[in-house]
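# Commentary on secondary and tertiary structure
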Amino acid sequence: LPLLLEATLLRLASGSHHPFYNGFYYNHVMNDKGKGQEKVVYFNGAKLVVETSKDPIYSSSGANVTLPCHYHYEPNLEAKRKIRIKWSKLRDDYTKEQDVLVAIGKTYMAFGDFQGRTHLRQAGQREASLVISDVRLQDDGKYRCEVIDGLEDESDVVDLRLQGIVFPYQPPRGQYRLNFHEAERVCQEQGAVLATFNQLFQAWSEGLDWCNAGWLADGTVQYPIRLPRKPCGGLHLAPGIRSYGPRHRHLHRFDAFCFSSALRGEVFYLDHPAGMTLEEAKQSCQDAGAEIAQVGQLYSAWKFLGLDRCDAGWLADGSVRYPITKPRVHCGPAEPGVRSFGFPSKGRFGVFCYKER
């Protein structure tokens, strides 16, 4: 990029803490004429309007998705300058926005994890839609589309939601052993990420009831209750999401609520007449051209692929679980779900393996 253009792009990307990002800190003139009313005067004689989808855009892990964004002028006006476009991702904890992409004309620059995965779709006139390929779990969230025409600067927000499943997670050491950063790590180790509040709320609306408090992505600690009871906030409270609010990310310890999305591969079960130890189970998956499944992969296969197996099997974290979509005698409770035997130090079981398609 020419040095001047590159400097302009970097200035646009780094200025997200200001109300406007084009080097000026205003886009209208105040003139109350002594009557206490604000009069807006647009420098090019027309109002810039930016519009995105009012409904959430749904996608899944590994897919490609387009976040729509269009702009126009009121009254209609032909832009005489190159329009500048900036996409940023809003953070769950309301800290500084994450830069995604900035563009001037047909030249653009992507940032961070979005490098090589994002570009603008400008198929139609005055379109600034963002294309994200190979969608990742952490891409879930709200995105701001900002259009800058000279001194005019307008934006709108679109919500990208991944189709997925929230599951509570405790480490082998037991309940309430994870600070925030450890919770982030254990979710990643299970093919997942820490869930957002919106994801937990969606899971609660679909029936998730869990009395142990867990970390969420914004640093708060919450838990979903469908059936109020004494140990879970009290008998006389309404169903809902119970919240401890923000907790100290290093000192306080809880469980975790993890979020996993649809799979690109398949989860399958292997058994041996005498069962297997954990190490033997890992080797059996490798012999089958696969790897031992993570907890998030088992939950995803249960939810999205209807995996139903009444045989307990090892998973990568050393736990033993099995997924039931059609409850029946000798297969646990009367509700569908992923059953857990915990983290047995001894015993021989089958194994759940995962293989990419």
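Here the structure is shown first, and the text comes after it.
Residues numbered from 1 in each chain as written. Predicted model: local features only at pLDDT ≥ 70, side-chain atom pairs only at ≥ 80, totals over all residues. Heavy atoms only, no water.

Quick look at the state of the cysteines now. The final tally for this structure, using the stated rule, is five disulfides. At a sulfur-sulfur separation of 2.0 Å, the disulfide partner of Cys 187 is Cys 258. Classification of the bridge connecting Cys 187 and Cys 258 rests on its S-S torsion, roughly -80°, and on that basis the disulfide is left-handed. A residue pair is termed long-range when its members are at least 10 positions apart, and Cys 187 in helix H2 (residues 180-189) and Cys 258 in strand E17 (residues 255-261) qualify at 71 residues. For the pair Cys 187 and Cys 258, one class covers both residues: buried. Bonded cysteines in the chain are paired 1-2, 3-6, 4-5, 7-10, 8-9 when counted in the order they occur along the chain. (Disulfide = S-S within 2.5 Å. Helix = DSSP H or I, 4+ residues; strand = E, 2+ residues; numbered from the N terminus. Buried < 20%, exposed > 50% of the residue type's maximum accessible area, 1.4 Å probe, protein only.)

Here we take up the pattern of salt bridges. Using the criterion set out here, one finds 17 salt bridges in the structure. Its salt-bridge partner being Arg 229, residue Asp 209 comes within 2.6 Å of it at the nearest N-O pair. Of the two residues, Asp 209 sits in the loop between helix H3 (197-205) and strand E14 (214-215) while Arg 229 sits in the loop between strand E15 (220-225) and strand E16 (240-246), which places them 20 residues apart along the sequence. One salt bridge in this structure joins Asp 317 and Arg 321, with 3.7 Å as the shortest N-O distance. Of the two residues examined, Asp 317 and Arg 321, each falls in the buried class. (Salt bridge = Lys/Arg side-chain N within 4 Å of Asp/Glu carboxyl O.)

Attention now moves to helix H5 (residues 295-304). Across the ten residues that make up H5, a large majority, eight, are buried. Within H5 the residues assigned to the buried category are Val 295, Gly 296, Gln 297, Leu 298, Tyr 299, Ser 300, Ala 301 and Trp 302. At the exit of H5 stands Gly 306, carrying a positive phi of roughly 70°.

Okay, the sheet that holds strand E5 (residues 84-89) next. Spatial strand order, E2-E11-E10-E5-E6-E7: six strands in an open sheet with mixed pairing. A single partner strand is all that each edge strand has here, and the edge strands are strand E2 (57-59) and strand E7 (107-110). Looking at each pair of strands side by side, their axes are set apart by 20° on average, direction ignored. With four bridges connecting them, strand E6 (residues 98-104) and E7 associate as antiparallel partners. Bridged to Leu 101 within E7 is Ala 110. (Pairing = 2+ DSSP bridges. Axes fitted to C-alpha atoms, helices over the stretch in contact; angles between N-to-C directions.)

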